[in-house]
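Chain and residue survey
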Amino acid sequence: MPQAKAFRAALLHSLADPREVGIEASYEYFEDGLLVVEDGKVAQIGAAAELLASLPAGTEVTEYPDALITPGFIDTHIHYPQTGMIASYGEQLLDWLNTYTFPTERAFGDAAHAGEVAEVFLKELLRNGTTTALVFGSVHKESVDAFFEACEKRNLRMIAGKVLMDRNAPGYLTDTAESGYADSKALIERWHGKGRLHYAVTPRFAPTSTPEQLTLAGKLFQEYPDLYMHTHLSENRQEIEWVRELFPERKGYLDVYDHHGLIGARSVFAHGVHLCDDECQRLGETGSAVAFCPTSNLFLGSGLFDLEKVEGYGVRVGLGTDVGAGTSFSQLQSLNEAYKVMQLQGKKLDPFKSLYLATLGGARALYLDDRIGNLQPGKEADFVVLDYKATPLIDFRLSQATTLEEKLFALTILGDDRAVKETYAAGVSVHRKEA
Ligand code: GUN
Ligand code: ZN
């Protein structure tokens, strides 16, 4: 019998989408709670007063006073090669790609460089409490090997893929339809389903792939069970116009992907800022997901994502940082910006909905909600300890709060990496903040 470990703190996790069940039924909270972990999974969750008495003798109990344990955060869209170019000045999407992104990604054919950046990137994710992410590599297969090697060492549940791009990009950064297919296939054979890792077929976006490449990407997506498909969609108005010119025979942007068999369960489209009703309908009926990336959409001036409209069509929506267009690795900061994106549209974002988006909603978008996303018994023990005293201001603001809702909201607005005291993956500490 593996030795159980227990963690005592306030505990909060989502049980369902507040949109479907209402706020009250959407979460479970224990003011003085106990999380019991065994063999990397949640064994029990409940009130400390009830569970402590029945713990097997000798069980180690770690106490976190003035802290809140939540599930690990799930980032449904991020680019690891862009870590070193976060916060690059002045451009919108297409110029930003040409000026900053492509030159930065060039270096990832070098395995040593890719390995170094993968380390920086993963440490940054973990110090922000993110335990699962859907990650773009670069066009180079070496970039994905380096990333998965770094994840495997830490036993993280992660999804990634090699970028497919065979046109409209510098020659140093393009593959071909055939080489992209073959390299992706080799990576799938090596990594997909190994430990906690999954592979995503990753065409960058419609403008940088020929129809031949998209056809092979669609074929590959169908060839292995439980593969992901990860790309960008309808982020920027100029981009959408360009797709129309490149694919005049298609009904619109989404139809380009649809025509090539790239839509369905485990297809994740970043952004979807400018989707029409028909596109939302199609995404919903096919079980596809959209990653809402508020810091990126504001930073690149792309527009305001209409969460209510997209969810209204039954589309699964997760939260993404989209670093390096996104300006923070923190899901708390992403929620801060998401709240403002909603405000600018005259809408609200309830804090329990925010919690859901960053955890169970992300897991649902990725079809991983049977394993991660909340702390129900049987789930993998990926969780984060948030510090109520992280900064003098957070400490003071929370001391004034009279309800859980108020505390949670203030944490999502004021919190960032400083609020993350410790991060656990499969029950093992993978980041602890310096005291
Ligand atoms: N569209 C195509 N490539 C990218 C990228 O790297 N970042 C963002 N935000 N959008 C893209
Ligand atoms: Zn992106």
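Residues numbered from 1 in each chain as written. Chains lettered and ligands numbered in written order. Predicted model: local features only at pLDDT ≥ 70, side-chain atom pairs only at ≥ 80, totals over all residues. Heavy atoms only, no water.

Observations regarding the coordination of the zinc ion (ligand 2)
Going by this rule: A donor here means an N, O or S atom no more than 2.8 Å from the metal, or no more than 3.2 Å when the metal is Na, K or Ca. Since water is not included, a site may seem to lack partners. Site shape is set this way: if four donors have all angles between 85 and 135 degrees, tetrahedral; if opposite donors are over 155 degrees apart and all others between 65 and 115, square planar for four donors and octahedral for six; otherwise irregular. Only DSSP runs of H or I reaching four residues or more are called helices, and only runs of E reaching two or more are called strands; each is numbered from the N terminus. For every residue, the accessible area (1.4 Å probe, protein chains only) is compared with the maximum for its type, and the residue is labelled buried under 20%, exposed over 50%, or partly exposed between those bounds.
Each protein donor to the zinc ion (ligand 2) is listed here as His77 (NE2), His79 (NE2), His232 (NE2) and Asp322 (OD); together their distances run 2.0 to 2.2 Å. Viewed at the metal, the 4 donor atoms of the zinc ion (ligand 2) are separated by angles of 88 to 167°, and the geometry they form is irregular. Sequence positions of the donors to the zinc ion (ligand 2) reduce to the motif H-x1-H-x152-H-x89-D. Of this pair, His77 sits in strand β5 (residues 73–79) while Asp322 sits in the loop between β13 (316–319) and α13 (331–343), placing them 245 residues apart in sequence. On the accessibility criterion, His77 (0% relative accessible area) is buried.

A closer look at the pattern of salt bridges
Formally: One side-chain nitrogen of Lys or Arg within 4 Å of one carboxyl oxygen of Asp or Glu is enough to make a salt bridge.
Evaluated as defined, the whole model comprises 32 salt bridges. A salt bridge links Arg266 to Asp226, with the shortest nitrogen-to-oxygen separation between them at 3.5 Å. Note that Arg266 is positioned in the loop between α9 (253–259) and β11 (267–271) and Asp226 in the loop between α7 (211–223) and β10 (228–233), a separation of 40 residues in sequence. For Glu311, the salt bridge goes to Lys353, with nearest N and O atoms at 2.8 Å. Of this pair, Glu311 sits in helix α12 (residues 307–312) while Lys353 sits in helix α14 (residues 351–358), and the two are 42 residues apart along the sequence. Each member of the pair, Glu311 as well as Lys353, is classed as buried. Counted as one network, the salt bridges with shared partners bring together Asp17, Arg19, Glu311 and Lys353.

Some thoughts on the site of ligand 1
We count it as follows: Any residue with a non-hydrogen atom lying within 4 Å of a molecule or strand is treated as near it. As used in this structure description, the phrase polar contact means that two N or O atoms lie within 3.5 Å; if the pair is within protein, one of them must be able to donate a hydrogen and the other to accept it, and residues adjacent in sequence are counted only when both atoms belong to side chains. The Shrake-Rupley method, run with a 1.4 Å probe sphere, supplies the accessible areas, and residue values consider only the shown protein chains as cover. Classification convention: Asp, Glu, Lys, Arg as charged; Ala, Val, Leu, Ile, Met, Phe, Trp, Tyr, Cys, Pro as nonpolar; all other residues, Gly among them, as polar.
As a matter of local geometry, ligand 1 sits amid His79, Gln82, Leu93, Trp96, Leu97, Arg204, Phe205, His232, Glu235, His271, Asp322 and Ala325. With respect to ligand 1, the side chain of Arg204 contributes an N or O atom lying 2.7 Å from an oxygen atom. Within the contact set of ligand 1, a nitrogen atom lies 3.5 Å away from a side-chain nitrogen or oxygen of His232. For ligand 1, the protein covers 100% of the area, taking 280 Å² as the surface of the free molecule. With 3 residues, the top contributor of residues to the shell around ligand 1 is helix α3 (residues 93–105). Among the residues making up the shell around ligand 1, the classes are represented as 5 nonpolar, 4 polar and 3 charged.

Brief notes about the packing of aromatic side chains
We apply this condition: Any two of the Phe, Tyr and Trp rings considered here, Trp counted by its six-membered ring, make a pair once their centres fall within 6.5 Å; the pair's planes then place it as stacked at under 30 degrees, edge-to-face at over 60, or tilted in between. Charge-over-ring contacts are defined here by two conditions on Lys NZ or Arg CZ: a distance within 6 Å of the ring centre and an angle within 35 degrees of the ring normal.
One pass over the full model with this rule turns up 16 aromatic pairs. Taken together through their ring pairs, the aromatic side chains of Tyr80, Phe108, Phe121, Phe147, Phe148, Trp191 and Phe329 make up a single cluster. It is Arg316 that lies over the ring of Tyr367; its NZ or CZ is 3.9 Å from the centre. Geometry around Tyr388 places Lys407 over its ring, the cationic atom sitting 4.6 Å from the centre.

Digging into the environment of Ala217
Just so we agree on the cut-off: Residue contacts are counted whenever heavy atoms from the two residues lie within 4.5 Å of one another.
Positionally, Ala217 belongs in helix α7. Along the backbone, Ala217 and Met229 are 12 residues apart, and their C-alpha atoms lie at a distance of 8.7 Å. Apart from the residues lying within four places of it in its own chain, the contact partners of Ala217 are Leu164, Val201 and Leu262.

Regarding the pairing of strand β9 (residues 197–203)
Worth spelling out the cut-off: Here, a strand pair is defined by DSSP locating no fewer than two bridges between the strands.
The buried fraction of β9 is high, at 7 of 7 residues. Burial along β9 is two-sided: the face carrying Leu197, Tyr199, Val201 and Pro203 and the face carrying His198, Ala200 and Thr202 are both buried. Bridge count for strand β7 (residues 158–161) against β9 is 3 bridges, and the pairing is parallel. For Met158, the partnering residue across the bridge sits in β9 and is Leu197.

Description of α14
Extensive coverage of α14 is indicated by the burial of 8 of its 8 residues. Where α14 begins, the capping side chain belongs to Asp350, and its oxygen is found 2.7 Å from the backbone nitrogen of Phe352.

Remarks on α13
Applied cut-off: Helix span, expected: 1.5 Å multiplied by one less than the number of residues in the helix.
Taking 1.5 Å of rise per residue, 13 residues should cover 18 Å, and α13 covers 18 Å from first to last C-alpha, within 8% of that figure. Across the 13 residues that make up α13, a large majority, 10, are buried. Within α13, burial applies to Gln331, Leu332, Gln333, Ser334, Leu335, Asn336, Glu337, Ala338, Val341 and Met342. The distance from a side-chain oxygen at the start of α13 to the backbone nitrogen of Leu332 is 3.1 Å, and the residue carrying that oxygen is Ser330.

Comments concerning the UniProt feature "domain: Amidohydrolase-related" (unreviewed entry) in the protein chain
The condition is simple: UniProt positions are given in the numbering used here, feature names are shortened, and annotations may be inferred rather than shown by experiment.
Per the UniProt record, the feature "domain: Amidohydrolase-related" (unreviewed entry) sits at residues 69–428. Within residues 69–428, the helical portion is 44% and the strand portion 17%, while the C-alpha atoms at the span's ends are 14 Å from each other.

A look at the side chain of Asn374
With respect to the helices and strands, the residue Asn374 is situated in the loop between α15 (360–365) and β14 (383–387). A polar contact is formed between the side chain of Asn374 and the side chain of Lys379, at a distance of 2.7 Å. Ignoring sequence-local partners within four residues, the contact set of Asn374 consists of His13, Ser14, Leu15, Pro71, Leu360 and Lys379.

Some details on a nonpolar patch on the surface
Threshold: Residues enter patches when they are more than 30% accessible in relative terms and free of salt bridges; like-charged ones are connected within 9 Å and nonpolar ones (Val, Leu, Ile, Met, Phe, Trp, Tyr) within 5 Å.
Among the surface-exposed residues, Leu298, Leu304 and Leu344 lie close enough to one another that they form a single nonpolar patch of about 250 Å² accessible area. Following the sequence through the fold, Leu344 ends up in the loop between α13 and α14.

A word on the nonpolar core
Proteins that are soluble and globular tend to have nonpolar side chains buried together. We apply this condition: Residue types Ala, Val, Leu, Ile, Met, Phe, Trp, Tyr and Cys, when buried and joined through side-chain atoms within 4.5 Å, form a set referred to as a nonpolar core.
If you look at the biggest cluster of nonpolar residues, it comprises 103 residues, and the most contacted ones within it are Tyr80, Phe121, Leu122, Phe147, Met158 and Tyr257. With residues up to four places along the chain from it excluded, the contact list for Met158 reads Leu122, Leu125, Thr131, Thr132, Ala133, Phe147, Phe148, Cys151, Arg196, Leu197 and His198. Residues Leu11, Val42, Ala381 and Val385 belong to the second largest nonpolar core, which totals 16 residues.

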